[in-house]
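# Remarks on the overall topology
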Amino acid sequence: MPKILFVCTGNTCRSPMAEFLLRQMLEGGEAREQWEVSSAGISAIGGNKASPQAIKVLQEEGVDPGSHQSRPLGLKMIEQADLIVTMTVDHKTVVETLAPWEKGKIFTLKELAGETAELDLADPFGQSKEVYRRTRDEIKLLLQGVIGKMNQFASKEGNLVSEENNYKRGDQLKIAIACDHAGLTLKKELIAYLERKGHYYQDVGTCSEQSVDYPDFAFQVASTVATGENDRGIVICGTGIGMSIAANKVKGIRAALCHDVFSAKASRQHNDSNILAIGSRVIGPGLALEIVQTWLSEDFLGDRHKRRINKIDLIERGEYQGNEEGNCN
Ligand code: RB5
């Protein structure tokens, strides 16, 4: 489900008003795509209710923001949103400074609604109910202009990989694991390790030394990761090469063949790898365990690396246009 995030300063007036009003307005739409609507504040203290005046003027419209609890804006929220709508230009600048690689999806409310002159929505904080009413009505009007534009920001079809998986660590992860006949012994060692550490895992085969075809097992793991059934995958064959090539054919998969700890770490931090491939005939179980341990505990760093992953996604979708910069001519 695409996500829209409203941002103001304290997340108690303007942004929760926009959040609850938009939710109410979207409920009426029939053909409209469902959106997850939320809000946050760049200087918010977590857990505060919406301001009393905001609650009152929303209730007048049949909207109850009683469940609202303020949230400080975080990097993950920015990255996970498909569209970010700020109340002022200053808010927009703060969000863009925190995540410059996400610039294309950050707008002020007035800007997105099509206004060009004044782009700030004034803060009603501490003012009379009448001022809050005016703010509410202004937000409603602006949201009407926003609604028609939202769908162009919904995530592109085809990226089936759960966006949550970058932010889970260790034992929170659901891991699919598979091998061919050459990788069976190592897979057993890795499974014993996952069990010792209390990880959730799904063993999708093979379970005997009878000769099998590694693409069958690479595909099993890759499919469950691509659909989000599992967060990550580990595949083992003799060299790890066949498994990694096959897994990388599945849309949304970034399988990394790693035979050293440095590469395993970098494959998570820089490449956001979601499958780890290992060759059981290349390294011993001791190193393999260290690699797995590192790979499961490292997070994607985002930033410029996110831009590069986005380019990989474009290549995968056949939409990559090339880049004039950086050639040697
Ligand atoms: C099987 O002999 C071997 O080819 C396979 O395990 C793997 O190394 C393929 O890349």
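We now turn to the structure provided with this report. Treat the numbers as computed from the prediction; the structure is a model and nothing was measured.

## Comments concerning the sheet that holds strand E5 (residues 174–179)
An order of E6-E5-E7-E9-E8 is seen for the five strands of this open sheet, with the pairing classed as parallel. Strands at the two margins of the open sheet, each flanked by one partner only, are strand E6 (200–203) and strand E8 (255–257). The average undirected angle you get between the axes of adjacent strands in this sheet is 20°. Here three bridges tie E8 to strand E9 (residues 275–279), and the two strands are oriented parallel to one another. When the sheet's bridge partners are listed, Ala 255 is paired in E9 with Ile 275. Helix H7 (residues 184–196) rests against E5, E6, strand E7 (232–237) and E9 of the sheet, and its axis sits at about 160° to E5.

## Overview of the packing of aromatic side chains
Per the stated rule, a full pass over the model turns up one aromatic pair. Ring geometry for Phe 107 and Phe 153: centres 5.3 Å apart, planes at 70°, overall edge-to-face. You can see Phe 107 sitting in strand E4 (residues 106–108) and its partner Phe 153 sitting in the loop between helix H6 (129–150) and E5, a full 46 residues away along the chain. With respect to class, Phe 107 is no different from Phe 153; both count as buried. Over the ring of Phe 20 we find Arg 23; its NZ or CZ atom is 5.0 Å from the centre of that ring. Seen from the ring of Trp 295, Arg 232 lies directly overhead, with NZ or CZ sitting 4.7 Å from the centre.

## A word on unusual backbone geometry
Cis geometry is adopted by the peptide bond preceding Thr 206, which originates at Gly 205 and carries an omega value of -15°. Positionally, Thr 206 belongs in the loop between E6 and helix H8 (214–226). The backbone of Asn 11 sits at a positive phi, close to 60°, despite the residue not being glycine. Tracing the chain through its elements places Asn 11 in the loop between strand E1 (3–8) and helix H1 (14–28). Notably, Asp 272 is not glycine yet its phi reads approximately 50°, a positive angle. Locating Asp 272 in the fold gives a position in the loop between helix H10 (261–269) and E9. For Asp 272, a relative accessible area of 6% puts it in the buried group.

Here is what the cut-offs are and how they apply
Residues numbered from 1 in each chain as written. Predicted model: local features only at pLDDT ≥ 70, side-chain atom pairs only at ≥ 80, totals over all residues. Heavy atoms only, no water. Pairing = 2+ DSSP bridges. Helix = DSSP H or I, 4+ residues; strand = E, 2+ residues; numbered from the N terminus. Axes fitted to C-alpha atoms, helices over the stretch in contact; angles between N-to-C directions. Contact = heavy atoms within 4.5 Å. Phe/Tyr/Trp six-rings, centres within 6.5 Å; stacked < 30°, edge-to-face > 60°. Buried < 20%, exposed > 50% of the residue type's maximum accessible area, 1.4 Å probe, protein only. Lys NZ or Arg CZ within 6 Å of the ring centre and 35° of its normal.

Any link to function would need more than the numbers given here.
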